[in-house]
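Summary of the model geometry
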Amino acid sequence: MGSASLGMVNQKLAYTRALLTQLRVLPEANAGQRLARQAVLDAGIFHLVCAYNHYLRELAEHSAVTQVEQITTENDLEQALLAQGKSPAELHELQELRRQPESWLTQLHASYDACWRLPNQKPVQSAMRIQALDLEAASAPLAMTEKRLQGMCEAAEELITRHRESVTEW
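Now for a quick tour of the structure.

Conventions used here
- Residues numbered from 1 in each chain as written.
- Predicted model: local features only at pLDDT ≥ 70, side-chain atom pairs only at ≥ 80, totals over all residues.
- Heavy atoms only, no water.
- Helix = DSSP H or I, 4+ residues; strand = E, 2+ residues; numbered from the N terminus.
- Contact = heavy atoms within 4.5 Å.
- Polar contact = N/O pair within 3.5 Å; in protein donor to acceptor, adjacent residues only side chain to side chain.
- Axes fitted to C-alpha atoms, helices over the stretch in contact; angles between N-to-C directions.
- Parallel < 35°, antiparallel > 145°, perpendicular 65-115°, else oblique.
- Left-handed = near helix turned anticlockwise from the far one by under 90°.
- Nonpolar A, V, L, I, M, F, W, Y, C, P; charged D, E, K, R; others polar.
- Salt bridge = Lys/Arg side-chain N within 4 Å of Asp/Glu carboxyl O.
- Buried < 20%, exposed > 50% of the residue type's maximum accessible area, 1.4 Å probe, protein only.
- Core = buried A, V, L, I, M, F, W, Y, C linked by side-chain atoms within 4.5 Å.

A closer look at the environment of His 109
Turning to its location among the elements, His 109 is positioned in helix 5 (residues 104–114). C-alpha separation for the pair His 109 and Ile 45, spaced 64 residues apart in sequence, amounts to 8.4 Å. The residues contacting His 109, other than those within four sequence positions of it, are Val 49, Tyr 52, Asn 53 and Arg 98. There is a polar contact of 3.3 Å between the side chain of His 109 and the side chain of Arg 98.

So, in structure tokens, the structure goes:
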């Protein structure tokens, strides 16, 4: 099953793994190092969400859906597949994961969405200070840690590998 999206999924997963390798060697002794760790965590979240979105498109490509670039959610994929009279088990599993508040997929998207939220505290008056949302902080909307990102990456890879194996059997 060769597709443009398959290559993008693999690339974004590789980027996430590379960032996890960076996190393992990054110290967090001072503010600059903590900022660097946070930037790498945010980048890991971004690339893992990208991998997942490309995976949705990969499933669409496998089913010969046209205009896969319009698919950005499970619901988009569902509509495109229903138009072809298809409703694969892989899609149902993804939808079920998104419905479960504690699933790795729901938590990944919550962490990604948190990157777009404005902080609750008053803005820092100095233009020299960078205001960042610390996704590792206990008060964060969903605390992202190296361990959690590692687990999400492994869960995504396991799911995608398992689905690819079952899709080749279609």
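The rest of the description comes next.
Quick word on the packing of helix 1 (residues 4–25) against helix 6 (residues 146–167)
Close contact between helix 1 and helix 6 brings their axes to 11 Å; oriented N to C, the two are set at 155°. Of the possible angle classes, the one that applies to helix 1 and helix 6 is roughly antiparallel. By crossing handedness, the relation of helix 1 to helix 6 is classed as left-handed. Together, Leu 6, Val 9, Asn 10, Leu 13, Thr 16, Arg 17, Leu 20, Leu 23 and Arg 24 of helix 1 and Glu 146, Leu 149, Gln 150, Cys 153, Ala 156, Glu 157, Ile 160 and Arg 164 of helix 6 make up the contact between the two elements. When its residues are assigned to classes, the contact of helix 1 with helix 6 shows 9 nonpolar, 3 polar and 5 charged.

Observations concerning the pattern of salt bridges
Tallied over the entire structure, the rule returns 8 salt bridges. Glu 58 is the partner of Arg 164 in a salt bridge, and the nearest nitrogen-oxygen pair spans 2.8 Å. Note that Arg 164 is positioned in helix 6 and Glu 58 in helix 2 (residues 31–62), a separation of 106 residues in sequence. Since its relative accessible area comes to 17%, Arg 164 is described here as buried.

Re the nonpolar core
Side chains of a nonpolar character, in soluble globular proteins, are inclined to be buried together. In terms of nonpolar packing, the biggest core is built from 37 residues, with Leu 48, Leu 77, Trp 104 and Leu 149 touching the most fellow members. Where this core is concerned, the elements lending two or more residues are helix 1, helix 2, helix 3 (74–82), helix 4 (89–99), helix 5 and helix 6. The dominant element in this core, judged by the number of residues it contributes, is helix 2, at 11 residues. Beyond its immediate sequence surroundings of up to four residues, Trp 104 is in contact with Leu 97, Met 152, Ala 155, Ala 156 and Leu 159.

Treat this as a map of the structure, not an account of what it does.
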